[in-house]
4 protein chains.
Amino acid sequence: MGTIVINRENEVCFHNNVDYCVGTGRMGLALTKEYMDQLKLVQDEIGFSFIRGHGLFSDDMAIYHEYEENGVTKVEYNYTYLDRVFDQYLEVGIRPYLELGFMPDKLASGKQTIFYWKGNTTPPKDYSLWCDMVKSLLIHLMDRYGKEEVLSWPIEVWNEPNLPGFWEKADMEEYFKLFHNTFDAIKSIDKRFKVGGPAVCGGTDEKWISAFMKYCHENELAIDCVTRHHYTVELPEPEGHYAYHKMMKAEDGFNNLKTTRAIIDSFDEYRGLPINITEFNTSYTPQGVIHDTNMNAAFLAQQLSRLGDVNESYSYWTFGDVFEEMGVPFTPFHGGFGLVANGCIPKPTFWTFAFYKQLKKLGGVCRYRDEDIVIIETDNGGFAGIAWNTDHDTAITKNVELMDVLCGQSYSMIQKIVDEDTCNPLKLWHDLGENPYPSKEQIRLLQDASKPLIKSCVLKNTKESLPVEITINKNGVVFFEIKPVNCKPDRGYNYEKVVSYR
Amino acid sequence: MGTIVINRENEVCFHNNVDYCVGTGRMGLALTKEYMDQLKLVQDEIGFSFIRGHGLFSDDMAIYHEYEENGVTKVEYNYTYLDRVFDQYLEVGIRPYLELGFMPDKLASGKQTIFYWKGNTTPPKDYSLWCDMVKSLLIHLMDRYGKEEVLSWPIEVWNEPNLPGFWEKADMEEYFKLFHNTFDAIKSIDKRFKVGGPAVCGGTDEKWISAFMKYCHENELAIDCVTRHHYTVELPEPEGHYAYHKMMKAEDGFNNLKTTRAIIDSFDEYRGLPINITEFNTSYTPQGVIHDTNMNAAFLAQQLSRLGDVNESYSYWTFGDVFEEMGVPFTPFHGGFGLVANGCIPKPTFWTFAFYKQLKKLGGVCRYRDEDIVIIETDNGGFAGIAWNTDHDTAITKNVELMDVLCGQSYSMIQKIVDEDTCNPLKLWHDLGENPYPSKEQIRLLQDASKPLIKSCVLKNTKESLPVEITINKNGVVFFEIKPVNCKPDRGYNYEKVVSYR
Amino acid sequence: MGTIVINRENEVCFHNNVDYCVGTGRMGLALTKEYMDQLKLVQDEIGFSFIRGHGLFSDDMAIYHEYEENGVTKVEYNYTYLDRVFDQYLEVGIRPYLELGFMPDKLASGKQTIFYWKGNTTPPKDYSLWCDMVKSLLIHLMDRYGKEEVLSWPIEVWNEPNLPGFWEKADMEEYFKLFHNTFDAIKSIDKRFKVGGPAVCGGTDEKWISAFMKYCHENELAIDCVTRHHYTVELPEPEGHYAYHKMMKAEDGFNNLKTTRAIIDSFDEYRGLPINITEFNTSYTPQGVIHDTNMNAAFLAQQLSRLGDVNESYSYWTFGDVFEEMGVPFTPFHGGFGLVANGCIPKPTFWTFAFYKQLKKLGGVCRYRDEDIVIIETDNGGFAGIAWNTDHDTAITKNVELMDVLCGQSYSMIQKIVDEDTCNPLKLWHDLGENPYPSKEQIRLLQDASKPLIKSCVLKNTKESLPVEITINKNGVVFFEIKPVNCKPDRGYNYEKVVSYR
Amino acid sequence: MGTIVINRENEVCFHNNVDYCVGTGRMGLALTKEYMDQLKLVQDEIGFSFIRGHGLFSDDMAIYHEYEENGVTKVEYNYTYLDRVFDQYLEVGIRPYLELGFMPDKLASGKQTIFYWKGNTTPPKDYSLWCDMVKSLLIHLMDRYGKEEVLSWPIEVWNEPNLPGFWEKADMEEYFKLFHNTFDAIKSIDKRFKVGGPAVCGGTDEKWISAFMKYCHENELAIDCVTRHHYTVELPEPEGHYAYHKMMKAEDGFNNLKTTRAIIDSFDEYRGLPINITEFNTSYTPQGVIHDTNMNAAFLAQQLSRLGDVNESYSYWTFGDVFEEMGVPFTPFHGGFGLVANGCIPKPTFWTFAFYKQLKKLGGVCRYRDEDIVIIETDNGGFAGIAWNTDHDTAITKNVELMDVLCGQSYSMIQKIVDEDTCNPLKLWHDLGENPYPSKEQIRLLQDASKPLIKSCVLKNTKESLPVEITINKNGVVFFEIKPVNCKPDRGYNYEKVVSYR
């Protein structure tokens, strides 16, 4: 490959919103300790703003109850568990992205459920009871957490109604009814709530989003955002507990996302309306073995470099592997969605997110982006970037020439390297014998082995540009930061002498 | 190099007492938070049994006081700080190795002090007051911590009396007087206390140890051990705040240690008496720049493989860099003695100790030892060892053939690698510009960069022996463990397919 | 009341096994953070040895699975959650008392379930599959935690089979079949496992225990203990979510326990066999409002003074209020079984247990016991005890005369007082308005208000006995300790002057 | 006493700045763990904004160094310890109030030192070297912590120069020279720094402050505040290690403070200039036995109700008992200045500060203040206040009538009570025998016994005012909060029935 010339005048589009939101297993699992341990790790190292998952109204959260009094059926709400979960979220600095669903059994019109954990996915037996429940929820939350705080939490109505498993018969008219009723109920509490839908997954997304926008248009619903999902694999090949997928071409996925943008922008009043990708990942099953690999990390590095192009936000599904949709995992590495494997072991993809977050913190302006690399000029006068290798079976090298640098200035370059040789807990777990129940010592070893390798060097330019070489191994992701440095050794200290003396 | 054949019948002498004792900056520094943070790190990862340092009776510990009452001078003791320090020690699972010294100013016969922190190094003005102080100390300790507990703490009388800085005029007769008085005082409390001396450093060690043994012999002192120190560098070349040393030949040091053994064994009643090396390191100054390097780590790996040959124990001087003998360090990396740099950054040598401790935990029997490697057969039927590269400017490879292994059995091999490329915080600090006051982010980065790289693989033998290759980079130390492994994949899981699918 | 004379010769029977075992909500709840927070609090302050609860094999623990392969139904086990729970238990120093139950849905012969959380309470569809599951469990546990460790965990077969809700039709023959099969399966793994039953509750306990002993006798089952439950309230008066009970006469309960002893002792080979009360409390419902009161604490003080008389152990049902048998509680104080209310608020009864544990730690010999007080002479030459006031609407005073004390010796007396005025979080919560969702500040206040009041004084005797007065308010529990004390003020310190100066 | 009528229209002056600043032992002690443990406790419960103490430039902080190079004496600075201390401060949310002093030995013009820890209290040998040191310090701090952050830290020049021990000969002219030079040096870095003096203690305060203001006036120094100290005891009666004082009349102290205000306000350009009391307490010695008593707590409650009257701020001397001016304390309770005794035991006065902080957090407006009580109307529509009993040997009762309250409204009243019966660790320590080296168990007991007793009740008014009775025992301090409360019991819950059932 040729040399990439980085010029301080060149401003390149790059919308990095990596830390806006992340997905989670069903709300009820947030009561568990392992879940919170994993979330704390994620927040300490990455720090997302919002968290979104299913099952807020499902029966294990125990919110909706009916009882008889004097022959009359009455409703009572119980927020004991909800408060416990949300208190914990706020303690680790993350806020709920409220997905309203699924249906409490007592409020349901039917018996259809989804998943091992049996979320009811039928419409309400009575829309006014549903709306009461939604309003009561918001009022309770504002009481407990403060009005302005709760107004900052986005709201999404239901999940993937375009799949019959998630919404009985994938009945579009019924979903629009649900959406309309819910939208009105929320706005009756406070117009400033941000409400979106239709939360569809791919496949029938064009059809649903078109119809949804048309419905909103005709009913003059001033929705606040459009939500959809984004997965990038072919149909799986199942085997025992597991699913093996081939990857889609990334470009096909990006093109599909643009269709949503185009549909929305075709309505005058909705032009430029934010799109929130409220779920994305490679595979869409929690047994998708790719999730644990370095390949996933490299593929995601590319995704994160481009998902901001037409979308306001994109929420990785999910932060951790405490998740029960297909049952309880038999082993720590089982293809779960999480950035973190059970046992609080960061997977390679964890670091892809951490790297993008670190890039975001450095501020500055994007100066270059291509299919393997993104480079910014930082606020502190240096450069930083991320490079990845998704496509090659051998290492690749990116040659970069930083222009307009002071002649004779030294630069320190730090690299953080995640690849199959440096940060590959899945391989270690395999080499240790694929123990389904690792001992404490093994867990500790796996955690120790799942950190990026850190390398440093000092670069000196001899002219007014600085050549930099970044090598990325197969399925690798490399974060780099290059900063001007002026070393003033302490009196008597001579590093070269220190390390050469014998 | 040829192939090392490891035979299960071959038992090799190897006395690994790596975790018996470690050195520390003066006792008063144990009150500080940074000191305890570093000690906690050391105990969590390595876990020493005892800790030994100077200054127990120095004035910052505030133990000895005189006051006038009715014209009479009286003595009172204050154990407020002593208790605080020892409580903290016991909390992190380490016990005091009691070094009795230096002299409280009020009890001193002279004004001579040593170090930036001004420890008085003159004999007591009154030996009975000194003995009272020692006895009162032991009685207080037994009251607070229990008799049996305190009896398990070894006691050493003074430090390096063969240097005039540490003991006025290096007056041998006076030291023997101090020792004799102290020995009798301690044994008068309980005969079971373990008491040793003369705590000399090299140079005049032969002369002093000979004379000391003769003195004990003539005075029929049933001493419990002999103590001495062991440093392995040539005279330093000073420069500003720092000292640059060349290394001694390791063999010269080991030979010197054997002379002590020979002297002791020449007395019938002392033959086989334990020798405790109560201090050892490469350089003997806290500005000895070598301490922070990977070379130090590799050199120490060799030392630890042999120091147990004639000595019962050997105490690395020191666990951490909270230390003030030459003043307060100007930068985090300044050649301090510690296993840990200020900011809680493990130095490469930290891992040498951690590796030997891990080896010790695996139990088993030593099967091979040479100048670059030690190999044990573990209790669990596998093998483990440590290899290092002190002498070569390029990587070396040790070829090992493990005999008597089951044909067709798979083995998992874990390696932990500390070398200039994988675990070199000094270089990173240098590359970042040798900042004397690193920011929190830099400290965090330095900590993250000071962990061993972990590698794993599966070895399969095709005959009844297993060939293993260990490569050690320049100044590297490698820990390895090889265990039989029987991988039973979960239903449907196929690792090769997981990582090859695309 | 008259004076109680405490004589050092008088040894009184008092078997204090307060910390042997404690009950818990179903095993699956042990995955939650609030559960573990409460358990940690309990272990820090009280420290039980074992923990027993239902639902080890229930579906939320996800242990038992069936799948089809080539047309054959096969079984697989999943210990992911089990390990997580037991790892956590051992981390806080508590071990499982294994209650084997309830039935995995796939292994059940019927559909009957119990509780909000739907534990299946029907016999296995196939006893050999059940026995395989039990054996597989024990083998897994011994692999993970060590053989000797797991052998120390007691095992009980099922729970309250004499209630039709817990065991279909309360079918006694079927239970004996279950017990016999399970007993044999366990002993086939290792004869040293301790196995007991029939875990019955009151009501039909005599009938069941007689029949059970007879069955064991006839089948020559060398059982290791007999287990039963013990609740001490009349039938409840229900109202909304809550149950109001009147207390039984305590004596009736103690008499009922003696019948079990008598039945067992009537068999030669079982005479003296340990009885474990594997559940006890006042009310047997988790909405039994009495549990949160000071009255409960005082009543329990009496129970704990006598339950050891004929029983080896007695396990309070339960340590905390994370519990779902009747659904999710609507408020923090709701009459749950726990020693700790949700929000980690110790209830008064928590301190009754803490006091008995403190008494146990002091060792020594019981010198006196009546219906309101127990007094021991401690190992350290002092006295300690617990007094309570269950029966009187006003304060009572116990006058004690300690004999054989040194004339002129001072004694320090510490009292820890839990009563309606000093430690009454329920009242505080009520006074704050019975908020179902207390804020962080309110939770903190409730925690601060749920500590015993500590009082101290110095007693001086003028003759060879020491009079002591203990006053206990209505529903109060008082712990007291009396120790000889020799105050040697520091030079110049005069306490009386310090506090009188103005 | 008569009834206090609280009217919602009546606004009373009350400047509560309780949490602005707190004093500390010398900076070097901030390196210790016990110091930070105590500070963390203080910050968790009270939360001060700033911390001020001596010894920033003293030699144990090791900032100033001289060395020779080529025959020339050069200066170098070392901020290793300074950073460590300030990093720790900021971590617990407290910022330095920079007191510039004392003199590094190498920079001093003389040998005079103060205290056990030997702070040099002589003028600089060279004012330009002093100013360089001050400027270098500020530049370093701004580099490390950010410019705006450091600009918010107040600066005071030296300490108590009106005492010859603190400033050689109490030489006023020399102090003005020091002040002027330092003031100019600081302002040359950034004019926005807030600089004050002369930090005098009582006795010659009028003379010094008059002269200081005149000097500033004549030299046109735009100083930012005036600083002084405030102690309120008579001369001590010494005895052994301790000092016994009688209290001054409080009014005399308040009057003395007003003279400072008057002097400042007599200068047109300084009228209304803030006065910072940079030290206050009852006794001015760290062996002042009163500090540990409940009397001190009650006396301070009164001080805190009035110190804001003419002063912007007032800094209690000191937060904790890690303090070495008179040497190392022999016992945990020794009359140290601290809010916290060694062993992390809050003294009664700790709670006086906690109560005023809690009052401040409730916001609102002061409605009443007299010599024993202060009452505010809170932002949430309730009332809160603090009452104390400094003068009476028996309990006193304050009768309060809250006007303008809704008829029939219920109020919950919470009281937190600190008095000799409820929160008196000194007495407990005495009763336990005045152990100088308390065991862990004793420390824990002392901590448990040093919490306020919390009481609650519900008040119901029957007319449009609400009578409230506050009883304060001898030397007691009572915090109270009264809030409207609407109890809506959960379905079926009846508190009265719960607690009356038997």
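Undergrad: Can you tell me about the overall build of chain A, naming the residues and giving the values?
TA: When you go through chain A residue by residue, the secondary structure sums to 12 helices and 26 strands. For a compact globule of 502 residues, the expected C-alpha radius of gyration is about 23 Å, and chain A comes in at 25 Å, within 12% of that figure. For chain A, the spread of C-alpha atoms along the principal axes amounts to about 90 × 55 × 45 Å. In chain A, which comprises 502 residues, the share counted as buried stands at 65%. Considering only contacts in chain A between residues 6 or more positions apart, those separated by 24 or more positions represent 76%. When the accessible area of chain A is evaluated, it comes to approximately 17,500 Å², of which 49% is carbon and sulfur surface. The averaged location of the 72 negative side-chain charges in chain A is 5 Å from the averaged location of its 51 positive side-chain charges.

Undergrad: Which residues make up the pattern of salt bridges, and what values go with them?
TA: All names here are of chain C. Taken as a whole, this structure holds 155 salt bridges over all chains when the rule is applied. When the shortest N-O distance is used, the salt bridge between Asp265 and Arg261 registers 3.0 Å. Taken together, the residues span about one helical turn, with Asp265 and Arg261 both in helix 7 (residues 250–265) at a distance of 4 residues. For Asp265, a relative accessible area of 24% puts it in the partly exposed group. You can call Arg261 buried: its relative accessible area is 15%. As a salt-bridge pair, Lys398 and Asp370 come within 3.0 Å of each other at their nearest N and O atoms. Here Lys398 is found in strand 22 (residues 396–402), whereas its partner Asp370 is found in the loop between strand 19 (365–369) and strand 20 (373–377), with 28 residues between them in sequence. The same class applies to Lys398 and to Asp370, which are both buried.

Undergrad: Tell me about the sheet that holds strand 22 (residues 396–402) of chain A, and name the residues and values.
TA: Through backbone hydrogen bonds, the strands of a sheet pair up, either in parallel or in antiparallel fashion. Residue and element names in this part refer to chain A. Pairing within the open sheet is mixed, and its 3 strands lie in the order 1-22-25. If you trace the sheet from one side to the other, it starts and ends with strand 1 (3–6) and strand 25 (466–472), each paired once. Neighbour-to-neighbour, the strand axes of the sheet open up by a mean angle of 25 degrees, direction not taken into account. Where strand 1 and strand 22 come together, 4 bridges link them in parallel fashion. Paired with Val5 across the bridge in strand 22 is Glu401.

Undergrad: Before we move on, can you summarise the pairing of strand 11 (residues 195–200) of chain A with the specific residues and values?
TA: Moving residue by residue along a regular strand, the side chains alternate between the two faces of the sheet. All names here are of chain A. Counting buried positions along strand 11 yields 6 of 6 residues, so the element is predominantly enclosed. Direction of pairing for strand 10 (residues 155–157) relative to strand 11: parallel, over a ladder of 2 bridges. When the sheet's bridge partners are listed, Glu156 is paired in strand 11 with Gly196. Each parallel crossover has a hand, and the one from strand 10 via helix 5 (residues 172–189) to strand 11 is right-handed. As defined by bridge partners, strand 11 adjoins strand 12 (residues 225–231) across 4 bridges and the pair is classed as parallel. Residue Gly197 lies in a different strand from strand 12, and its bridge partner there is Val226. Where the polypeptide runs from strand 11 across helix 6 (residues 205–218) and back to strand 12, its parallel neighbour, the crossover connection is right-handed.

Undergrad: Explain the relation of the copies chain D and chain C residue by residue, including any values.
TA: Each copy superposes on the other: chain D lies on chain C with an RMSD of 0.1 Å after a rotation of 180 degrees and an axial shift of 0.0 Å. Both copies of the chain, as the preceding transformation shows, are related through a two-fold rotation axis. Residue Leu453 of chain D, judged by its C-alpha, is the member of chain D lying nearest the rotation axis, at 3.7 Å. Of all interface residues in chain D, 100% are interface residues in chain C too; the two copies therefore contact each other through one and the same surface.

Undergrad: Describe the interface of chain D and chain C, with residues and values.
TA: Contact residues are listed per partner, giving 62 residues for chain D and 62 residues for chain C. Buried area between chain D and chain C, both sides added, is near 5,600 Å², and the carbon and sulfur share of it is 54%. Contact with chain C buries surface across chain D, with Tyr493, Tyr501 and Arg502 of chain D losing the most and accounting together for 15% of the total. Across the chain D-chain C interface, the total number found is 6 salt bridges. Here Arg444 of chain C ties to Glu45 of chain D by a salt bridge, and the two come within 2.5 Å at their closest N and O atoms. Between the two partners, chain D and chain C, sit 22 residue pairs in polar contact (both at pLDDT 80 or more). Listed by contribution, the elements that provide at least two residues to the side of chain D that touches chain C are strand 13 (237–239), strand 14 (242–244), strand 23 (410–418), helix 10 (425–431), helix 11 (440–448), strand 24 (453–460) and helix 12 (495–500) of chain D. Residues of the side of chain D that touches chain C, tallied by class, amount to 26 nonpolar, 15 polar and 21 charged.

Undergrad: Residues and numbers for the domain arrangement of chain A, please.
TA: Residue and element names in this part refer to chain A. Under the domain assignment, chain A is made up of domain 1 (4–11 + 366–487) and domain 2 (21–361). Centre-to-centre, using C-alpha coordinates, domain 1 lies 32 Å away from domain 2. Facing the 33 residues of domain 1 at the interface are 27 residues of domain 2. Carbon and sulfur atoms supply 70% of the area that domain 1 and domain 2 bury against each other, a total of about 2,500 Å² over both sides. Taken together, the connections running from domain 1 to domain 2 amount to 1 salt bridge. Across the pair Arg369 and Asp309 runs a salt bridge whose closest N-O atoms are separated by 2.9 Å. When contributions to the side of domain 1 that touches domain 2 are tallied by element, the ones reaching two or more residues are strand 20 (373–377), strand 21 (383–388), strand 23 (410–418), helix 10 (425–431), helix 11 (440–448) and strand 26 (477–485). In terms of residue count, strand 21 provides more of the side of domain 1 that touches domain 2 than any other element does, 4 residues in total. A class-by-class count of the residues in the side of domain 1 that touches domain 2 yields 18 nonpolar, 9 polar and 6 charged.

Undergrad: Lay out the interface of chain C and chain B in plain terms, naming residues and giving numbers.
TA: Listed as interface residues are 4 residues of chain C and, on the opposing side, 4 residues of chain B. Here chain C packs against chain B, burying approximately 390 Å² in sum over the two surfaces, 36% of which is carbon and sulfur. Looking only at chain C, the three residues that lose the most surface to chain B are Tyr67, Glu76 and Arg491 of chain C, adding up to 89% of its buried area. Joining chain C to chain B, the criterion identifies 2 salt bridges. For Arg491 of chain B, the salt bridge goes to Glu76 of chain C, with nearest N and O atoms at 2.8 Å. Counting across the chain C and chain B interface gives 2 residue pairs in polar contact (both at pLDDT 80 or more). When its residues are assigned to classes, the side of chain C that touches chain B shows 1 nonpolar, no polar and 3 charged.

Undergrad: Residue-level account of the packing of aromatic side chains, with values.
TA: Enumeration according to the criterion identifies 162 aromatic pairs over all chains in this entry. Taking 6.0 Å as the distance between ring centres and 85 degrees as the angle between the ring planes, the aromatic pair formed by Trp317 of chain B and Phe323 of chain B counts as edge-to-face. We classify Phe323 of chain B as buried; its relative accessible area is 6%. Here the basic side chain of Arg491 of chain B rests over the ring of Tyr67 of chain C, its NZ or CZ set 3.5 Å away from the ring centre.

Rules used throughout
- Numbering of residues begins from 1 in every chain and follows the order in which that chain's sequence is written.
- All chains are assigned letters beginning with A, and all ligands numbers beginning with 1, in the order in which they are written.
- Thresholds applied to this predicted model are a pLDDT of at least 70 for local features of residues and 80 or more for the giving and counting of side-chain atom pairs; totals over whole chains, interfaces and linings are not thresholded and use all residues.
- The basis for every side-chain value is the complete set of non-hydrogen atoms in the structure, without hydrogens or water.
- Only DSSP runs of H or I reaching four residues or more are called helices, and only runs of E reaching two or more are called strands; each is numbered from the N terminus.
- Values of the radius of gyration come from C-alpha atoms, whereas the globule rule sets the reference at 2.2 Å times the count of residues to the power 0.38.
- Burial classes follow relative accessibility: with a 1.4 Å probe on protein chains only, a residue under 20% of its type's maximum area counts as buried, one over 50% as exposed, and anything between as partly exposed.
- By definition, residues are in contact when any of their heavy atoms lie within 4.5 Å.
- In these tables, accessible area is a Shrake-Rupley quantity obtained with a 1.4 Å probe, and a residue counts as shielded only by the protein chains included in the view.
- Positive charges come from Lys and Arg alone, negative charges from Asp and Glu alone, with His and the N- and C-terminal ends not counted.
- One atom stands in for each charge, and that atom is NZ of Lys, CZ of Arg, CG of Asp or CD of Glu.
- Counted as salt bridges are all cases of a side-chain nitrogen of Lys or Arg within 4 Å of a carboxyl oxygen of Asp or Glu.
- Strands are treated as partners if at least two bridges between them are detected by DSSP.
- As a rule, the C-alpha atoms of each element are fitted with a line to give its axis, helices using only the stretch in contact, and angles between N-to-C directions run from 0 to 180 degrees.
- When the strands point away from the viewer and the path from the first strand over the helix to the second turns clockwise, the crossover is right-handed.
- When the copies are superposed, the least-squares fit draws on C-alpha atoms of residues that have pLDDT of at least 70 in both.
- Simply put, the buried area is the total loss of 1.4 Å probe accessible area from both parts when two parts are fitted together.
- In the analysis that follows, any N or O atom pair within 3.5 Å is treated as a polar contact, provided that within protein one partner can donate a hydrogen and the other can accept it, and provided that, for residues neighboring in sequence, both atoms belong to side chains.
- Charged residues are taken to be Asp, Glu, Lys and Arg, nonpolar residues to be Ala, Val, Leu, Ile, Met, Phe, Trp, Tyr, Cys and Pro, and polar residues to be all remaining types, Gly included.
- An automatic or database domain assignment supplies the start and end points of every domain.
- Note on aromatic contacts: the rings of Phe and Tyr and the six-membered ring of Trp form a pair at centre separations within 6.5 Å, being stacked when their planes are under 30 degrees apart, edge-to-face when over 60 apart, and tilted otherwise.
- Charge-over-ring placement is defined geometrically: NZ (Lys) or CZ (Arg) within 6 Å of the ring centre, and within 35 degrees of the ring normal.

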